Amino acid sequence: PKGAYYMNHSRAPGSDTGQWNVADSGSIGMGVLATAVRCGDPAEKRRYLASVEAFAELVMGNYVAPDGGIANGLWPAYAGPWWCSTATFGTLALLLHEETGEEKYLAVGRAALDWMLRRDFREHTPITFEQRPSGTIFYCFELYAAGLKHLPPGDPSYDAALRQID
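Here goes a summary of the coordinates provided. In this text the structure is predicted, and so the values were computed from the model without any measurement.

Let's talk about the overall build of the chain
Thinking step 1. Each helix and strand counted, the chain has 6 helices and 2 strands in total.
Thinking step 2. Element order for the chain, N to C, with α for helix and β for strand: β-α-α-β-α-α-α-α.
Thinking step 3. For 166 residues, the compact-globule estimate of 2.2 N^0.38 gives 15 Å, and the C-alpha radius of gyration of the chain, at 16 Å, lies within 12% of that figure.
Thinking step 4. Overall size of the chain, expressed as C-alpha extent along the three principal axes, is 40 × 35 × 30 Å.
Thinking step 5. The 166 residues of the chain split such that 44% are buried.
Thinking step 6. Of the contacts made within the chain by residues no fewer than 6 positions apart, 60% connect residues no fewer than 24 positions apart.
Thinking step 7. Approximately 8200 Å² of the chain is accessible, and the part contributed by carbon and sulfur atoms is 54%.
Thinking step 8. In the chain, which carries 14 positive and 19 negative side-chain charges, the distance between the mean positions of the two groups comes to 3 Å.

Examining the state of the cysteines
Thinking step 1. Applying the stated criterion to the full structure yields 0 disulfides.
Thinking step 2. The closest cysteine sulfur to the non-disulfide-bonded Cys84 is located on Cys140, 7.7 Å from its own sulfur.
Thinking step 3. On the accessibility criterion, Cys140 (0% relative accessible area) is buried.

Focus: the nonpolar core
Thinking step 1. Membership of the largest hydrophobic core comes to 24 residues, with the highest contact counts inside it found for Trp20, Val59 and Phe89.
Thinking step 2. Every element with two or more residues in this core is listed here: helix H1 (22–38), helix H2 (42–62), helix H3 (83–100) and helix H4 (103–117).
Thinking step 3. Top element by residues in this core is H2. It accounts for 7 residues.
Thinking step 4. Look past the residues within four positions of Phe89 in its chain and what remains in contact with it is Val22, Phe55, Ala56, Val59, Met60, Ile70 and Val108.
Thinking step 5. Counting residues in hydrophobic clusters, the runner-up holds 23 residues, among them Leu113, Phe129, Leu151 and Ala161.

Things to note about the packing of H2 against H4
Thinking step 1. It is at 12 Å that the axes of H2 and H4 come closest, and there the two elements cross at 50°. Taken together, the axis directions place H2 and H4 in an arrangement best described as oblique. Between H2 and H4 lies a crossing whose hand is left-handed. Across the interface between the two elements, Glu53, Ala56, Glu57 and Met60 from H2 touch Lys104, Tyr105 and Val108 from H4.

Cut-offs used in this document
Throughout, a residue's number is its position along its own chain's written sequence, starting from 1. Reporting of local features is limited, given that this is a predicted model, to residues whose pLDDT is at least 70; pairs of side-chain atoms are given and counted only at 80 or more, and all residues count toward the totals for whole chains, interfaces and linings. Excluding hydrogens and water, the side-chain figures rest on all heavy atoms present in the structure. Helix and strand labels come from DSSP, where a helix needs a run of H or I of at least four residues and a strand needs a run of E of at least two; each type is numbered from the N terminus. Values of the radius of gyration come from C-alpha atoms, whereas the globule rule sets the reference at 2.2 Å times the count of residues to the power 0.38. Burial status follows relative accessibility: with a 1.4 Å probe on protein chains alone, a residue under 20% of its type maximum counts as buried, one over 50% as exposed, and anything between as partly exposed. What makes two residues a contact is simply this: any of their non-hydrogen atoms within 4.5 Å. Accessible surface area values rest on a Shrake-Rupley calculation with a 1.4 Å probe, where residue burial reflects the displayed protein chains alone. By the counting scheme adopted, Arg and Lys are positive, Glu and Asp are negative, and His together with the chain ends is not counted. A charge is said to be at NZ when it belongs to Lys, at CZ for Arg, at CG for Asp and at CD for Glu. Only a pair of cysteine sulfur atoms within 2.5 Å qualifies as a disulfide here. The criterion is simple. A nonpolar core is a set of buried Ala, Val, Leu, Ile, Met, Phe, Trp, Tyr and Cys residues joined through side-chain atoms within 4.5 Å. Angles shown run from 0 to 180 degrees and are taken between the N-to-C directions of axes, each axis being a line fitted to C-alpha atoms and, for helices, limited to the stretch in contact. Angle categories are assigned with fixed cut-offs, so that under 35 degrees is roughly parallel, over 145 is roughly antiparallel, 65 to 115 is roughly perpendicular, and the rest are oblique. Put simply, a crossing is left-handed when the front helix is turned counterclockwise from the back one by less than a right angle, and right-handed when it is turned clockwise.

Below you can see the structure in the form of structure tokens.
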């Protein structure tokens, strides 16, 4: 889709058929954002940042549910909000907020974190903890780590994040 990152999965660039995943593209977005913040050339930094923001707009406009969960894009296996896309894009949204100061990214990142914290990472589906323990821990805990600083100590979400980490 326009604004998406190509991942060499089952959808070629410019194709209007085949799957495309928010979760995997979110990881690419974080890499592009990491490149942007390290650019010494302001024009290059703006170009990379614009790329990440275009991706963020694609996801926020099409795949973020009102309850904070994030669907995985054009994934035939499951169309609803999913832990991996929620965790990956939620992390990217929080990092994008830190770079741009845009409150819309903080709102999406916090909503994604809250969505995740209303669930136990060991009980997520589809693709369960038993099927992918390392991926589940990697993506979920990346969001908890990125989000913890946006939660005031003593807040129920802060306490829920600490329980998940423990």
